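Residue strings, one per chain:
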Amino acid sequence: MEGKLLVISGLSAAGKGTIAKELVNRYDDFVLSISATTREKRGNEIEGKDYFFISKDKFEEMIKNNEFLEYAKYVNNYYGTPKKYVKDMIEKGKNVILEIEMQGALQVKKIYDKAILVFFLPKDAKTQRERLISRKRETIEQIEERIKQAIVDAEYAIHYDYVLVNEEIEDSIEDLQLIVENKYDKSKNATSLNILKKIVRDIKEEYNV
Ligand code: 5GP
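Since we're looking at a predicted model, the values are computed, not measured. (Residues numbered from 1 in each chain as written. Predicted model: local features only at pLDDT ≥ 70, side-chain atom pairs only at ≥ 80, totals over all residues. Heavy atoms only, no water.)

A.B. asks: Sorry, what's going on with helix α6 (residues 140-154) here?
C.D. replies: Turn by turn, an α-helix covers 3.6 residues, leaving residues three or four places apart pointing in a common direction. Helix length check: α6, at 15 residues, gives a terminal C-alpha distance of 21 Å against a target of 21 Å (1.5 Å per residue), a fit within 8%. Looking only at α6, the buried set comprises Ile143, Arg146, Ile147, Ala150, Ile151, Asp153 and Ala154. Considering only its buried residues, α6 is in contact with β5 (68-74), β6 (77-82), α4 (102-111), β8 (116-121), α5 (125-134) and α8 (189-207). (Helix = DSSP H or I, 4+ residues; strand = E, 2+ residues; numbered from the N terminus. Expected span 1.5 Å × (residues − 1). Buried < 20%, exposed > 50% of the residue type's maximum accessible area, 1.4 Å probe, protein only. Contact = heavy atoms within 4.5 Å.)

Have a look at this one:
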């Protein structure tokens, strides 16, 4: 049987990366697609595990050669999903997770209608800010840019099949399993969308935009 394609996006620091990695560590039938990017490698990242870090020229060559399932520019860098791995794994019966931003997610849905799109949120704006600061990955300017990006990112949530608030990782993993088995109660999306509205309001207030 074919595997499923699970596309995970969400607000910056919603914890989606941790959830995806945990799902793959625990269950053999889930694999994570590794993206290519032109952004700089962060201190603790590993080439070929977190990303394939490539130059802009190489990325543009891969676009020309039609090697991407989807790609997008996000905060001034290219990010893309190499096609071959995803195709091979789905054929093998594995559930493939793509942890990608929204423009890419919608491209995937357009070309592969069976893809399941999940949008993750932190529980509130304060939690998002605290997580961004405590993970010490970015400068304060980059953090502010990511927080403000959430206002734009939030507009996409409505196009997703599921919107989940990541409060407890165990609950989120359970929710994802239910989603893959088509057993998740979609009516819960409404509550999550209200939480998202509140997050956006709080960010707008903070930055006067
Ligand atoms: P980061 O720089 O924090 O690793 O990732 C920035 C954003 O790019 C995140 O929202 C991440 O999900 C997204 N991203 C990572 N890989 C891909 C990809 O292959 N395609 C697209 N469209 N977005 C990606």
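A.B. asks: How should the site of the ligand be read in this particular structure?
C.D. replies: The full set close to the ligand counts 15 residues, and Ser35, Arg39, Tyr51, Tyr79 and Glu101 are the nearest of them. Tyrosine 79 is positioned with one of its side-chain polar atoms (N or O) 2.5 Å from an oxygen atom of the ligand. Interatomic distance of 3.0 Å between a backbone N/O atom of glycine 80 and an oxygen atom of the ligand. In isolation the ligand offers 510 Å² of accessible surface; the protein chains occlude 95% of this area. When the residues that make up the shell around the ligand are grouped by side-chain class, the tally is five nonpolar, four polar and six charged. (Near = heavy atom within 4 Å. Polar contact = N/O pair within 3.5 Å; in protein donor to acceptor, adjacent residues only side chain to side chain. Areas by Shrake-Rupley, 256 points an atom, 1.4 Å probe, with all protein chains shown as cover. Nonpolar A, V, L, I, M, F, W, Y, C, P; charged D, E, K, R; others polar.)

A.B. asks: Would you take a moment to explain the sheet that holds strand β4 (residues 51-53) for this structure?
C.D. replies: Sheet strands associate in pairs through backbone hydrogen bonding, adopting either a parallel or an antiparallel arrangement. The strand order β4-β3-β6-β5 describes an open sheet built from four strands, whose pairing is mixed. The open sheet has two free edges, formed respectively by β4 and β5, since each of these has just one partner strand. Averaged over all neighbouring strand pairs, the angle between strand axes comes to 25°, with direction disregarded. (Pairing = 2+ DSSP bridges. Axes fitted to C-alpha atoms, helices over the stretch in contact; angles between N-to-C directions.)

A.B. asks: I tried to follow the packing of α5 against α8 on my own but got confused; where do I start?
C.D. replies: Two measures define how a pair of helices packs: the angle their axes make with one another and the distance between the axes. Where α5 contacts α8, the two axes come as close as 9 Å, and the packing angle between them is 65°. It follows that α5 is roughly perpendicular to α8 by the angle criterion. The segment α5 lies against α8, with Ala125, Gln128 and Arg129 engaging Ile199, Asp202, Ile203, Glu206 and Tyr207. A per-class count over the contact of α5 with α8 returns four nonpolar, one polar and three charged. (Parallel < 35°, antiparallel > 145°, perpendicular 65-115°, else oblique.)

A.B. asks: Could you clarify how one ought to interpret the environment of threonine 191 in this entry?
C.D. replies: As for its position among the elements, threonine 191 is in helix α8. Classification of threonine 191 by relative accessible area gives exposed; the value is 52%. On a C-alpha basis, the gap between threonine 191 and valine 163 in space is 8.9 Å, while along the polypeptide they are 28 residues apart.

A.B. asks: Could you clarify how one ought to interpret the pairing of β8 in this entry?
C.D. replies: On a regular strand, each side chain points to the face opposite its neighbour's, so the side chains alternate between the two faces of the sheet. Most of β8 is tucked away: six of the six residues are buried. Both strand β1 (residues 5-10) and β8 contribute to a ladder of five bridges, which runs parallel. Bridge assignment links valine 7 to a residue of β8, and that residue is leucine 117. Judged from the four bridges that link them, β8 and strand β9 (residues 162-165) form a sheet pairing that is parallel. If you follow valine 118 over to β9, its bridge partner there is tyrosine 162.

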